[in-house]
Amino acid sequence: MSSERLRLCGGIVHDPANGIDGEVRDICVEDGVIVADVPRDAPRLDVSGMIVMPGGVDIHCHVASAGVNHARRLMPDERRHDPAPAPQFTDGTGRSGTGGIVPSTFTTGYRYATLGYTTAFDAAVAPLTAKVCHASLDDTPIVDAGFFALMGNDEFLLRQIEAGETGLARDYMAWLLGAVGAYAVKIVNPGGIDAWKAGHRNLNTLDESMRGDRVTPRAILDVLTTVANELGLPHPVHIHCNNLGVPGNVATTLDSMRVVAGRRAHFTHLQFHSYGGERGKSWTSAAAEISDYVNAHPEITADVGQVMFGPALTLSADSPLEYLLHETTGGKWVNLDIELETGCGIVPYNYEEKAAAAALQWVVGLELFLLSNDPWRVVLSTDHPNGGSFLAYPQLIELLMSRDARRECFERLNPRFLAGSALADGLAREYTLNEIAIVTRAGPARILGLKRKGHLGVGADADVTVYQRSDRIAEMFSMPRYVLKSGVLVVEEGQLRRAPPGRRLHIRPGYDEAVVSNIRKHFEDFSTMRFESYPVRNLKDRPLNL
Amino acid sequence: MPVSTDRPVICLGCGCACDDLSVSVAAGRITGIENACPLGLKWFRDGNFPAAIQCDGVDVSFDRAITTAAEILFANPRRTLIYVSDDVSCAAHGEATALADRIGATIDGPTSDTVADGLLAAQRRGRASATLGELRHRADVVIFWGVDPSARYPRFMERFVTPQPVFATARTLIAVDVDAAHGPRVCGERITLSSRHEVDALSVLRAGLRERGTAPTEGVLAAFVELARRLRSDAKYVAIIFDAEPDDGRRDPDLPEALIAFTQALNASTRAALFALRAGGNRNGFESLLTWQTGFPFAADFAGGHPRYVTDESVAERLSRGRYDAVLVVGSTVNVAVNIAAELKRVPTVIVGPGASEATLAPGVVIDTGAVGIHEGGMVLRMDDVPFEAVPLLSHPTTAADVLRSLSERCAARGSLRS
Ligand code: SF4
Ligand SMILES: [Zn+2]
């Protein structure tokens, strides 16, 4: 199939990475990649008048980790109401499943593809459980996928930071990425999860420590960001700051950004980290302050983590935060402490328009989008399923493109915390189609360092989404007419037709072999797993060239 | 000359998944195993498993067996049960689930008759738990709730409880002896309890956490008021251990939920984790895989064209009321419960798994396969859902995954059974 040639004819192409903003052009595909031309007799697909973009790239979602699977298991009732019968493929290989806020794996792959997304990254995997993630991704068809390995509370790293052994930290991080088949380094609530496991509730500033003065969130951010940059990783470091969701956390977030100043770093679900006010007293939007800082610092990138009204499920390595949420909701709560590495917390949640906090969160997210002066650096996410499902991306795109859609929703909100926010004062900006193409594909691909994704230039993977032009924006983005994945036409006339397996995106940086004896000793002293049992073996795809 | 494997070997004799065994093999047999407990030695046997393919006790070709199996299983596929038992890899679990999906069968396993109460309780409430390394290194109080792991999880104590903790200075072991189910002898403290009062005792413990200065409960439960007070004020990380799959089935159905609720509540004042002792054979692996493929950890019925969660009755109950016309057992039958084995004698059955031809279940089609961890690699999960990669030691001509794939292909050749 992938060796077949295809010419997409007459579409209106949005390929911002190559400076193409709505030009009518043909896109040619051969052997799964974009080529300059194909012979005249190659098969043609007439897409005249339709919008052509690269396939969507989800920089931050939770779809395949062991934690996601625990979350799936926690919600049997909602999936009763969202059965997902098998799509009818000619070869009979379609698989049924269930949906809900955390769909089963096959259904996840199908739904991403029918949304025009062809690449996705699970943003939080405990390395100890990486094998489960790979096996789940093997059962998540179509999308090319990878994951970020949790390192911000890693026992080995905390010990190296305490001992000032930055070199060992660097070699360990490089080894770990390769050993478990990960794509990037993830930091979640640096030091805070370790503190929670040790019986302290959390860490509240960057200078607190529970292990002696040297192991502070500041030091963890500094060392891991430095190392990730030195290693030349395609996506250096993916940071979920301390104090997520807490009023007044803007101070922590700006402090964290200053720590990494001058080095590449990605701040994730920034919405949850952009609040003013004071715990127990007031709660305001600090999106303007955060945006000012991000706009002025080109080394910083971010995804927004927009909340969308309706049911969600919070799922995070940030287990102290999840405990706080559980205290608020009083409902279901999962906590899993993961030896030597991290934690996992899960709490179902519902964002209601009439809830003051949820209304503020919705506003903060949109402000971050609308106040950003560089769509390449502030990209789209809902932190699926934390802020809402990935299936809500089309509605989010509509909110970005239509001031009227925003106003209509804004008027229904609980206004308690909204006075004086930029959105309340009326933000007129409307995203263009080209800007949407940036925040949903070109931008995330560039931030992730994926050279063959997010654009339609020669040599790019032939991941292409074709939309029927319409004024009903959400509808247009929720039902692409055609989707190509690696040159295979997976969606035709809006119907899922084929589901080839996706590729695994992972890296294997080099490191000084001398570190292995230290790691081996660490396993002997502390792990319940033998060192030899830890690595992921037999990954089906080769690591990306660095 | 026996050869030893270069990688440490993993045992699936129980849910501890010890991965520090070293095994020697010679002439197609296991000739030596180091570090395994007696249960583990029994699980490996000498590595020599049968390789028969039979219909009604008569040797047949693979093709013939698949044809007959297909006739049995696809005759009325919505009334077929695929029963996933022990000792096969997650790859085989995946093929079994794909087959169930394709033909509209029900897929389920031992979970349904053993740990279902606990899984359902965790679906209602969530849970507070941890990987076993947190027990080993962090717990300063360990409570054994009506179980001494040494009987059915022989190396559990040695691996996860006895070692000096790294993040705690000392460790207190407390046994709650429930009827004859006593905690380990090494426990420095014991409380005796009747199984009739288990759930009440946990309510008392919870109440003791919530309210300061509760009026002391008189009688048998008084000790729990005191225990709650001490846990609240002195403990830093409490590990509670219970047997999720007790041999004798002794179990108040409300017990798992009461244990979960108490452990969760403890986290308001200290840290706490509940550890469920689970059998081996990669049962956790099947629950995980079925969850990611269907959303449900067991009891998935595909008759409607998509998975539906059918937890009202256990497999034994469904079999006894004649819900199924045919059963495909995938995996070892060694630990199939007596009542289920009895029911299987009354239904046409196909068995695909290690030692299938030795099964004393119903006559029907049997296809021997290798066992994961002995003849096949692949992912397997420990009782705390931590994954390992099994190491193949010996060869076997047939894998369960291949047999299931052949069945799926046979089904495809007949056209989709799904309407
Ligand atoms: S404790 Fe369990 S896993 Fe370990 S050797 Fe014994 S039977 Fe095998
Ligand atoms: Zn996230």
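Per chain, residue numbering runs from 1 following the sequence as it is written. Here the convention is simple: chains get letters from A, ligands get numbers from 1, in the order in which they are written. Side-chain atom pairs in this predicted model are given and counted only at pLDDT of 80 or more, local residue features only at pLDDT of at least 70, and totals for whole chains, interfaces and linings cover all residues. Excluded from the side-chain calculation are hydrogens and water; included are all heavy atoms of the structure.

Take helix H9 (residues 250-259) of chain A next. Residues and elements named next belong to chain A. Within H9, 7 of the 10 residues are buried, which leaves the element mostly enclosed by the surrounding structure. Working definition: with a 1.4 Å probe on protein chains only, accessible area under 20% of the residue-type maximum means buried, over 50% means exposed, and in between means partly exposed. Strands are runs of DSSP state E lasting at least 2 residues, helices are runs of H or I lasting at least 4, and numbering of each runs from the N terminus. Turning to H9, its buried residues number three or more, namely Val250, Thr252, Thr253, Leu254, Ser256, Met257 and Val259. Pairs of residues are marked as contacts when any of their non-hydrogen atoms sit within 4.5 Å. Looking at the buried side of H9, the elements it contacts are helix H8 (217-230), strand E13 (265-267), strand E14 (275-278), helix H10 (287-296) and strand E16 (300-303).

Our focus in this paragraph is the coordination of the zinc ion (ligand 2). All names here are of chain A. Protein-derived ligands of the zinc ion (ligand 2) are His60 (NE2), His62 (NE2) and Asp383 (OD), with the metal-ligand distances lying across 2.0 to 2.1 Å. Taken in chain order, the donor set of the zinc ion (ligand 2) reads H-x1-H-x320-D. You can see histidine 62 sitting in the loop between strand E6 (56-61) and helix H1 (66-74) and its partner aspartate 383 sitting in the loop between strand E20 (378-379) and helix H13 (393-401), a full 321 residues away along the chain. Assessed through its relative accessible area of 5%, histidine 62 is described here as buried. Sites may look incomplete because water is not among the atoms; the donors themselves are N, O and S atoms within 2.8 Å of the metal, or within 3.2 Å for Na, K and Ca.

On to the site of ligand 1, then. Ligand 1 sits among Cys11, Gly13, Cys14, Cys16, Ala17, Cys18, Ala36, Cys37, Leu39, Gly40, Pro154 and Arg155 of chain B. Here the nonpolar group is Ala, Val, Leu, Ile, Met, Phe, Trp, Tyr, Cys and Pro; Asp, Glu, Lys and Arg are the charged ones; every other residue, Gly included, is treated as polar. Partitioned by chemical class, the residues of the shell around ligand 1 number 9 nonpolar, 2 polar and 1 charged. Here a residue counts as near a molecule or strand whenever at least one of its heavy atoms sits within 4 Å of it.

Residues and elements named next belong to chain B. Because side chains alternate across strand E20 (residues 387-390), one face comprises the buried residues Pro387 and Glu389, and the other comprises Phe388 and Ala390, equally buried. Two strands qualify as a pair provided DSSP detects at least 2 bridges between them. Pairing of strand E19 (residues 378-381) with E20, which is carried by 4 bridges, proceeds in the antiparallel orientation. Its bridge partner being in E20, valine 380 is matched across the sheet by phenylalanine 388. Counting the residues that bridge the hairpin from E19 to E20 gives 5 residues, and of these aspartate 385 lies at a positive phi of roughly 70 degrees.

Contacts between the two partners involve 58 residues from chain A, matched on the other side by 63 residues from chain B. In this description, buried area is defined as the sum, over both parts, of the accessible area (probe of 1.4 Å) that is lost when the two are combined. Taking both sides of the interface into account, the surface hidden between chain A and chain B amounts to around 4800 Å²; carbon and sulfur atoms contribute 51%. Think of a salt bridge as a Lys or Arg side-chain nitrogen and an Asp or Glu carboxyl oxygen that are within 4 Å of each other. Connecting chain A to chain B are 4 salt bridges. Linking glutamate 339 of chain A and arginine 382 of chain B is a salt bridge whose minimum nitrogen-to-oxygen distance equals 3.5 Å. Residues adjacent in sequence count toward polar contacts only when both atoms are side-chain atoms; beyond that, a polar contact is any pair of N or O atoms within 3.5 Å, and within protein one must be able to donate a hydrogen and the other to accept it. Across the contact surface, chain A and chain B share 35 residue pairs in polar contact (both at pLDDT 80 or more).

What follows covers the packing of aromatic side chains. Classification of ring pairs uses Phe, Tyr and Trp, with its six-membered ring standing for Trp, and accepts pairs whose centres are within 6.5 Å; under 30 degrees between planes counts as stacked, over 60 as edge-to-face, and the remaining range as tilted. The tally for this structure, following the rule as stated, stands at 26 aromatic pairs over all chains. Here the aromatic rings of phenylalanine 121 of chain A and tyrosine 183 of chain A are separated by 4.9 Å at their centres, their planes lie at 45 degrees, and the arrangement is tilted. With phenylalanine 121 of chain A in strand E9 (residues 117-125) and tyrosine 183 of chain A in the loop between helix H6 (166-180) and strand E11 (184-188), this pair connects stretches of sequence that are 62 residues apart. Look at phenylalanine 121 of chain A and you get buried, because its relative accessible area is 0%. Among the aromatic residues, ring-to-ring pairing joins Phe156, Tyr172, Trp175, Phe523, Phe531 and Tyr534 of chain A into one connected group. Geometrically, a lysine NZ or arginine CZ counts as sitting over a ring once it is within 6 Å of the ring centre and also within 35 degrees of the ring normal. Over the face of the ring belonging to tryptophan 376 of chain A we find arginine 446 of chain A, whose NZ or CZ atom lies 3.8 Å from the ring centre. The positively charged end of arginine 138 of chain B is found above the aromatic ring belonging to phenylalanine 167 of chain B, 4.6 Å away from the centroid.

Our focus in this paragraph is the packing of helix H4 (residues 116-125) of chain B against helix H9 (residues 255-266) of chain B. Residue and element names in this part refer to chain B. Contact geometry for H4 and H9: axes closest at 8 Å, N-to-C directions at 40 degrees. In terms of their interaxial angle, H4 and H9 are classed as oblique. Judged by the twist between their axes, the crossing of H4 over H9 is right-handed. Where H4 approaches H9, its residues Asp117, Gly118, Ala121, Ala122, Arg124 and Arg125 are matched on the opposing element by Pro256, Glu257, Ile260, Ala261 and Gln264. Comment: axis = line fitted to C-alpha atoms, over the contacting stretch for helices; angle = value between 0 and 180 degrees taken between N-to-C directions. Orientation labels follow simple angle bins: below 35 degrees gives roughly parallel, above 145 gives roughly antiparallel, 65 to 115 gives roughly perpendicular, and whatever is left gives oblique. Handedness of a crossing is defined here by the sense of rotation of the near helix relative to the far one, left-handed for an anticlockwise turn of less than a right angle and right-handed for a clockwise turn.

Attention shifts here to the domain arrangement of chain B. Residue and element names in this part refer to chain B. A domain assignment, automatic or from a database, supplies the domain bounds used here. Per the domain assignment, the segments making up chain B are domain 1 (48-113 + 281-414) and domain 2 (116-277). Taking only C-alpha atoms into account, the centre of domain 1 sits 34 Å from that of domain 2. In terms of surface lost to domain 2, no three residues of domain 1 exceed Arg382, Met383 and Asp384, which account for 46% of the buried area on that side. Scanning the region where domain 1 abuts domain 2 turns up 1 salt bridge.

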